[in-house]
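Spelled out, the chains give:
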Amino acid sequence: MALGPHAIFIVVAYAAAVLVVGALVAWVMLDHRTQRRRLAELEKRGQARRAGERGAGERGTEK
Amino acid sequence: MPLIDLANPSRFLALVGKMLPWLVAATLVALAAGLWQALFVAPDDYQQGATVKIMFVHVPSAWLAMAIWALMSIAALGTLAWRHPLADVAAKAAAPLGAGFTFLCLLTGSLWGRPMWGTYWVWDARLTSVLVMFLMYLGLIALWRTVEDPSRAGRAAAILTLVGAINLPIIKFSVDWWNTLHQPASVVRVGGPAIHPSILVPLLTMALALTLLFATLHLAAMRNEILRRRVRTMQMLAAQGASA
């Protein structure tokens, strides 16, 4: 693969694409991990999901 | 599953859970095929040489930047007219992805412009209108982060999105309406594509790959946003319980 006299521009363009796509993928994955952790903490404390609903800690064996 | 069922966030989350592995696999296959064609199969352009390879990232990014704003505009109508519970979630999840692809479009265009035009940037109508779209993406993200109530933020963002949609035809037709350094349309044009199939096929493959990538990331980001709102509701209920 010969990139000619302007190789640096091509390489930087593809490197930038990898960085931008990598940043978007990392943002989505880290955000998912954060929200799952927060949700798990609240459920562990027995917090209800909706007004009028019993919390998980109050539901006993109910699934 | 009827479309109306997707208005239920729990059913939507279940559907996303089933779809994501397939979308990830399709994205990886399409990206591998697209990159292989772009880097090893497509010939150099007779005028631009190997720098034409930048086009395989630049053009799909530009298409996606505009398509994502169009998608957000449809979602904005869903928020304002039908108050669909997932419309605002879809728009909010799409904005950072749209900003990312617009940034990539501007950056790769600039890197392509330097060897071909002799400059990284000119204030011509196409480049300027895309820069305006990038700034509007950032404005939308800032708006969502500033207004705490998601439904109020969603309505304000929907209005701003529809105002910003005026920019879409300006971007598309800027190269026809004004004298620009940027070349006119060569794929989506009356009379069919003006690009040779040896370059057009890799370009369309990369466009498919990046579209699949967007679909994957968008569904995953929507799932995150639904979870974030669930956490917010539970935190508010916890605060109410503590103060009662």
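The following paragraphs examine the structure supplied in this document. Residue indices follow the written sequence of each chain, beginning from 1 at its first position. Naming scheme: in the order in which they are written, chains are lettered from A and ligands are numbered from 1. Since the coordinates come from a predicted model, pLDDT governs what is reported: local features require at least 70, and pairs of side-chain atoms require 80 or more to be given and counted, while whole-chain, interface and lining totals use all residues. Heavy atoms throughout the structure, all of them, feed into the side-chain values; hydrogens and water do not.

1. Points about the overall build of chain B
Thinking step 1. Scanning chain B from N- to C-terminus turns up seven helices and zero strands.
Thinking step 2. What you see in chain B, going N to C, is helices and strands ordered as α-α-α-α-α-α-α.
Thinking step 3. Overall, the C-alpha framework of chain B stretches about 75 × 35 × 30 Å when taken along its three principal axes.
Thinking step 4. In chain B, which comprises 244 residues, the share counted as buried stands at 49%. In this text, helices come from DSSP runs of H or I with a minimum length of four residues, and strands from runs of E with a minimum of two, each type numbered from the N-terminal end. In this scheme, a residue with accessible area under 20% of its type's maximum is buried, one over 50% is exposed, and one in between is partly exposed, where area comes from a 1.4 Å probe on protein chains only.

2. As for a nonpolar patch on the surface
Thinking step 1. A cluster of nonpolar side chains, contributed by A:M1, B:W36, B:F40 and B:V41, occupies part of the molecular surface with about 480 Å² of accessible area.
Thinking step 2. Topologically, B:F40 is positioned in helix 1 (residues 9-41). Residues with no salt bridge and a relative accessible area higher than 30% make up the patches, which join like charges within 9 Å and nonpolar side chains (Val, Leu, Ile, Met, Phe, Trp, Tyr) within 5 Å. Residue burial considers only the protein chains on display, and all accessible areas are found by Shrake-Rupley using a 1.4 Å probe. Each salt bridge in this description consists of a side-chain nitrogen of Lys or Arg and a carboxyl oxygen of Asp or Glu lying within 4 Å of one another.

3. Considerations on the interface of chain A and chain B
Thinking step 1. Whether two residues are in contact is decided by their heavy atoms, any of which lying within 4.5 Å being enough. Residue-level contacts link 31 residues of chain A with 39 residues of chain B.
Thinking step 2. For the pair chain A and chain B, the summed buried area comes to about 3,100 Å², and 79% of that belongs to carbon and sulfur atoms.
Thinking step 3. For the interface between chain A and chain B, the tally reads one salt bridge.
Thinking step 4. For B:R228, the salt bridge goes to A:D31, with nearest N and O atoms at 2.9 Å.
Thinking step 5. Here a polar contact is recorded for every N or O atom pair within 3.5 Å, except that within protein the pair must consist of a potential hydrogen donor and a potential acceptor, and residues adjacent in sequence are included only if both atoms are side-chain atoms. Inspection of the region where chain A meets chain B yields four residue pairs in polar contact (both at pLDDT 80 or more). Summed over both partners, the accessible area lost on bringing two parts together, with a 1.4 Å probe, is the buried area.

4. Quick word on the side chain of B:H58
Thinking step 1. Assignment of secondary structure puts B:H58 in helix 2 (residues 55-82).
Thinking step 2. Sequence-distant contacts of B:H58, defined by excluding residues within four places in its chain, comprise B:C105, B:T108, B:G109, B:W112 and B:H182.

5. Topic: the nonpolar core
Thinking step 1. Among buried residues, those of type Ala, Val, Leu, Ile, Met, Phe, Trp, Tyr and Cys that are joined through side-chain atoms within 4.5 Å constitute a nonpolar core. The biggest cluster of nonpolar side chains holds 81 residues, and the ones touching the most others in it are B:M55, B:F56, B:I68 and B:M72.
Thinking step 2. If you list the elements that add at least two residues to this core, you get helix 1 (7-44) of chain A together with helix 1, helix 2, helix 3 (87-117), helix 4 (125-146), helix 5 (150-164), helix 6 (167-177) and helix 7 (197-243) of chain B.
Thinking step 3. At 18 residues, helix 7 of chain B tops the list of elements feeding residues into this core.
Thinking step 4. If sequence neighbours within four positions are ignored, B:I68 has contacts with B:A94, B:L97, B:G98, B:F101, B:Y137 and B:F214.

6. Focus on the environment of B:H218
All names here are of chain B.
Thinking step 1. Mapped onto the fold, H218 is located in helix 7.
Thinking step 2. Remark: the alpha-carbon pair of H218 and A94, spanning 124 residues in sequence, is separated by 5.9 Å.
Thinking step 3. Contacts of H218, omitting those with residues within four sequence positions, involve L71, A90, A93, A94 and L97.

7. Here we look at the packing of aromatic side chains
All names here are of chain B.
Thinking step 1. Aromatic pairing here means that ring centres of Phe, Tyr or Trp (its six-membered ring) are within 6.5 Å. Orientation follows from the plane angle: under 30 degrees is stacked, over 60 is edge-to-face, and everything else is tilted. Inspection of the entire model under this criterion finds six aromatic pairs over all chains.
Thinking step 2. With a centroid separation of 4.8 Å and 70 degrees between ring planes, the pair formed by W69 and Y137 is classed as edge-to-face. Of this pair, W69 sits in helix 2 while Y137 sits in helix 4, placing them 68 residues apart in sequence. The same class applies to W69 and to Y137, which are both buried.
Thinking step 3. Residues W177 and W178 carry aromatic rings whose centres are separated by 5.8 Å and whose planes lie at 80 degrees to one another, so their mutual orientation is edge-to-face.
Thinking step 4. Ring-pair connections join several aromatic residues into one group, and the members of that group are F173, W177 and W178.

8. Overview of the pattern of salt bridges
Residue and element names in this part refer to chain B.
Thinking step 1. Scanning the entire structure with this criterion turns up six salt bridges over all chains.
Thinking step 2. K92 is paired through a salt bridge with E225; the nearest N and O atoms lie 3.2 Å apart. One end of the pair, K92, is in helix 3; the other, E225, is in helix 7, and 133 residues separate them in sequence.
Thinking step 3. Among the residues examined, K92 registers a relative accessible area of 22% and is labelled partly exposed.
Thinking step 4. Owing to a relative accessible area of 3%, E225 belongs among the buried residues under this scheme.

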